[in-house]
Each structure stands twice: as structure tokens, then as C-alpha cells.
Amino acid sequence: VQLQASGGGLVQAGGSLRLSCAASGSTFSINVMGWYRQAPGKERDLVAKHYSSGSTNYADSVKGRFTISRDNAKNTVYLQMNSLEPEDTAVYYCYYNAETRSGNYFYWGQGTQVTVSS
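Residues numbered from 1 in each chain as written. Predicted model: local features only at pLDDT ≥ 70, side-chain atom pairs only at ≥ 80, totals over all residues. Heavy atoms only, no water.

Once that is clear, we can look at unusual backbone geometry. Backbone phi values are negative for most residues with the exception of glycine, while trans is the configuration of most peptide bonds. The backbone of N75 sits at a positive phi, close to 50°, despite the residue not being glycine. Relative to the elements of secondary structure, N75 occurs in the loop between β7 (66–71) and β8 (76–81). The phi dihedral of S83 is positive, around 50°, even though this residue is not glycine. Mapping S83 onto the fold places it in the loop between β8 and β9 (90–100). S83 sits in the partly exposed class, given a relative accessible area of 40%. (Helix = DSSP H or I, 4+ residues; strand = E, 2+ residues; numbered from the N terminus. Buried < 20%, exposed > 50% of the residue type's maximum accessible area, 1.4 Å probe, protein only.)

Here's what the structure looks like:
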């Protein structure tokens, strides 16, 4: 599975950005896709995830501001980020995870930088 992320950039506090991540290759129908982020000097933390079944999870720090969605037909996950704060500045990584009878498959996309200026 290959992941292609896009949509990062520079935005002022209070602004919005939308990230996209498209999966290609040998994908599985049952999977989870989502986003982690890593700020300088910090660990990579989960931001949001979206199961192919439809359920979602969010980090407490982004609840009410970020919305994750996906298009299963396109194997694409989106992260709409509103009311951005300087603390949201990080490299955002999309991921794809599928647990199958043949094993657990986990893939990272390339990071995309999100910078929020105060």
C-alpha cells in the first residue's frame, strides 16, 4: 500500500486547512486510516482515525475543531482542520492499518507540514 498525503501549509491562528491522504496498491476492504502528528522534540501522537466501518476517534485536543472523513471508493481519508492553533503546528502523517488473517499491515504516508502562526 502506498499513501500520498497533501494539503499542508502555513495558516494564521483561527484559520483552516484540509489534509488528504490517498491509499493505492493492494488495499483491504476492512481497515482504518487516520492521522498522527509530530511536533519538534515531541512524540508522534494520534490525531484522528476513521474505520472503514464508519466509526471515528479523535484526540481530546482536536475534538470539536477537526473532522475526519473518508471516501472508501477512493481509499482516501481527509482531515478538515478548523480553528487552528499554534499548538497544532507539526508534521502530519497519514497511516493505513489493516488486520487480516494473513497478518497486520501498517503503512505510513510521507509527512506534510502544518504551520500555524500566532
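Opposite charge on two side chains allows them to pair when their charged atoms are near. In total, this model carries four salt bridges according to the counting rule given. For the salt bridge of R65 with E85, the shortest nitrogen-to-oxygen distance reads 3.9 Å. With R65 in the loop between β6 (56–58) and β7 and E85 in the loop between β8 and β9, the pair connects residues that are 20 residues apart, well separated along the chain. For R65, a relative accessible area of 11% translates into the label buried. (Salt bridge = Lys/Arg side-chain N within 4 Å of Asp/Glu carboxyl O.)

In this section: the side chain of N97. Along the chain, N97 falls in strand β9. Within the structure, N97 has its side chain in polar contact with the side chain of N104 (distance 3.0 Å). At 2.8 Å, the side chain of N97 forms a polar contact with the backbone oxygen of Y105. Residue contacts for N97: discarding those within four places in its chain leaves N31, V32, N104, Y105 and F106. (Polar contact = N/O pair within 3.5 Å; in protein donor to acceptor, adjacent residues only side chain to side chain. Contact = heavy atoms within 4.5 Å.)

It is worth spelling out the packing of aromatic side chains at this point. The tally for this structure, following the rule as stated, stands at eight aromatic pairs. Geometrically, the ring pair formed by F106 and W108 is edge-to-face, given 5.1 Å between the ring centres and 70° between the ring planes. According to the relative accessible area criterion, F106 is partly exposed, its value standing at 36%. It is R44 that lies over the ring of W108; its NZ or CZ is 4.5 Å from the centre. (Phe/Tyr/Trp six-rings, centres within 6.5 Å; stacked < 30°, edge-to-face > 60°. Lys NZ or Arg CZ within 6 Å of the ring centre and 35° of its normal.)

Another point: the sheet that holds β8. Each strand in a sheet pairs with another by means of backbone hydrogen bonds, the pair being arranged parallel or else antiparallel. The strand order β1-β3-β8-β7 describes an open sheet built from four strands, whose pairing is antiparallel. Each end of this open sheet is capped by a strand with a single partner; those strands are β1 (2–6) and β7. On average, each strand axis in the sheet is tilted by 15° relative to the strand beside it, whichever way the strands run. By the bridge criterion, five bridges tie β1 to strand β3 (residues 17–24) in an arrangement that is antiparallel. Note that in β3 the partner of S6 across the bridge is S20. (Pairing = 2+ DSSP bridges. Axes fitted to C-alpha atoms, helices over the stretch in contact; angles between N-to-C directions.)

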